[in-house]
Amino acid sequence: LLLINFTVFLDKIMNKLNQYILFLIFCFFITGCEKSPEEVFSKAEEAFNTGNYRQALKGFSQIVSTHENWDRKNEAQEFVDNFPGKLYSHAEILKNEKKLKASIKALNYIVKNYADLEIAPRSQYLIGDIFMNDLKDFNEAITHYKNVVTKFSESRDEPHAQFMIGFIYANPQYGDIQDLEKAKASYEKFLYKYPDHELVPSVKFELENLGKDIND
């Protein structure tokens, strides 16, 4: 009977020991798989520069929350605190480098994820500018300028977008899209909505010379 009790006791000890060993192995595995802050930051930067913005923000946020004493933690914090601003600057650089699709992707991310911030209508307006001045796709340009007017009314960029809609419709250099009736309606809408805006003299000049050859 004493031998049986000792065997049972020994089995319990071995089970506890096995559980403890498994626990140590698990802890070692988790610790070994944890990435260093340098690696996390590098991956976040890579994600940012390749257009994986959600993953980039996740990486920078991870550093801020779990690596408080790391010497580059403030850089990660700056990305987290001003991610839309960082994105807008990144989009401008991409635009200047003629990486237009990548620039539009960054700007669209701002518009979709930070619609309540002032930088969103500015981003939507810049998309319109890219289609107008760089891609020469005037129909798409009008679409994005109209998005500024309809989705971001009362924003600082709304009057400028309304002006650009009329300007594209008014001028023959933009091809078959020219429509003087739509241009007139767009300019008159501008004067009605923004009677004190700095562009009012330009709008009145456009209306007075609508359809005329500027060389006459």
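Worth saying up front: this structure is predicted, and the values here are computed from it rather than measured.

Side note on the overall build of the protein
Moving on, step 1. Each helix and strand counted, the protein has 11 helices and 0 strands in total.
Moving on, step 2. Along the chain direction, N to C, the helices and strands of the protein fall in the order α-α-α-α-α-α-α-α-α-α-α.
Moving on, step 3. Sequence-distant contacts in the protein: of pairs separated by 6 or more residues, those separated by 24 or more amount to 48%.

Quick notes on the nonpolar core
Moving on, step 1. One finds F83, L87, M132, Y145, F163 and I168 to be the most contacted residues of the largest nonpolar core, which totals 54 residues.
Moving on, step 2. When residues of this core are assigned to their parent elements, the largest contribution, 8 residues, is made by helix α9 (residues 158-170).
Moving on, step 3. Not counting the four nearest positions on each side in its chain, L87 is found in contact with F48, Y53, A106, Y109 and I110.

Quick word on the environment of K73
Moving on, step 1. When you line up the elements, K73 lands in helix α4 (residues 73-81).
Moving on, step 2. A relative accessible area of 19% places K73 in the buried class.
Moving on, step 3. Here the alpha-carbon distance between K73 and S61, two residues 12 residues apart in the chain, equals 9.8 Å.
Moving on, step 4. Setting aside residues up to four positions removed in sequence, K73 forms contacts with I63, V64, H67 and E68.

Remarks on the side chain of S123
Moving on, step 1. Along the chain, S123 turns up in helix α7 (residues 119-134).
Moving on, step 2. Engagement of the side chain of S123 in a polar contact is seen with the backbone oxygen of I119, the distance being 2.8 Å.
Moving on, step 3. Each residue touching S123, except ones within four places of it in the same chain, is listed here: Y88, L107, I110 and V111.

Some points on helix α6 (residues 100-113)
Moving on, step 1. Look at α6: 20 Å from first C-alpha to last across 14 residues, which is about the 20 Å you get at 1.5 Å a residue.
Moving on, step 2. Against α3 (53-66), α5 (83-96) and α7 lie the buried residues of α6.

Overview of the pattern of salt bridges
Working definition: two side chains of opposite charge can pair if their charged atoms are close together.
Moving on, step 1. Scanning the entire structure with this criterion turns up 8 salt bridges.
Moving on, step 2. Ionic pairing is found between K193 and E158, a salt bridge with its closest N-O pair at 2.6 Å. A residue pair is termed long-range when its members are at least 10 positions apart, and K193 in helix α10 (residues 180-193) and E158 in helix α9 qualify at 35 residues.

Quick word on helix α11 (residues 200-208)
Moving on, step 1. Residues of α11 that are buried: V200, V203 and E206. End-on, the buried residues of α11 take up no more than an arc of 120°, which puts them together on one face. Turned more than 90 degrees away from the buried face of α11 sit P201 and E208, all of them exposed.
Moving on, step 2. The secondary structure elements touched by the buried residues of α11 are α9 and α10.

A few points about the confidence of the model for the protein
Moving on, step 1. Here the protein shows a mean pLDDT of 88. Residues at 70 or above account for 83%.
Moving on, step 2. When mean pLDDT is compared element by element in the protein, α6 scores highest at 98, while helix α1 (residues 2-33) scores lowest at 55.

Focus: unusual backbone geometry
Moving on, step 1. Its identity as a non-glycine residue notwithstanding, K98 has a phi of 65°, on the positive side.
Moving on, step 2. Inspection of the secondary structure assignment puts K98 in the loop between α5 and α6.
Moving on, step 3. One non-glycine residue, E154, lies in the positive phi region at around 75°.
Moving on, step 4. Among the secondary structure elements, E154 is positioned in the loop between α8 (138-151) and α9.

Some points on the environment of L100
Moving on, step 1. Relative to the helices and strands, L100 resides in helix α6.
Moving on, step 2. On the basis of relative accessibility, which here comes to 12%, the residue L100 falls in the buried class.
Moving on, step 3. Sequence separation of L100 and L135 is 35 residues, and the distance between their C-alpha atoms is 8.2 Å.
Moving on, step 4. If we ignore the near neighbours within four places in the chain, the residues touching L100 are K95, I130, D134 and L135.

Calculation criteria
- Residues numbered from 1 in each chain as written.
- Predicted model: local features only at pLDDT ≥ 70, side-chain atom pairs only at ≥ 80, totals over all residues.
- Heavy atoms only, no water.
- Helix = DSSP H or I, 4+ residues; strand = E, 2+ residues; numbered from the N terminus.
- Contact = heavy atoms within 4.5 Å.
- Core = buried A, V, L, I, M, F, W, Y, C linked by side-chain atoms within 4.5 Å.
- Buried < 20%, exposed > 50% of the residue type's maximum accessible area, 1.4 Å probe, protein only.
- Polar contact = N/O pair within 3.5 Å; in protein donor to acceptor, adjacent residues only side chain to side chain.
- Expected span 1.5 Å × (residues − 1).
- Salt bridge = Lys/Arg side-chain N within 4 Å of Asp/Glu carboxyl O.
- Arc of directions from axis to C-beta.
- pLDDT = per-residue confidence, 0-100.

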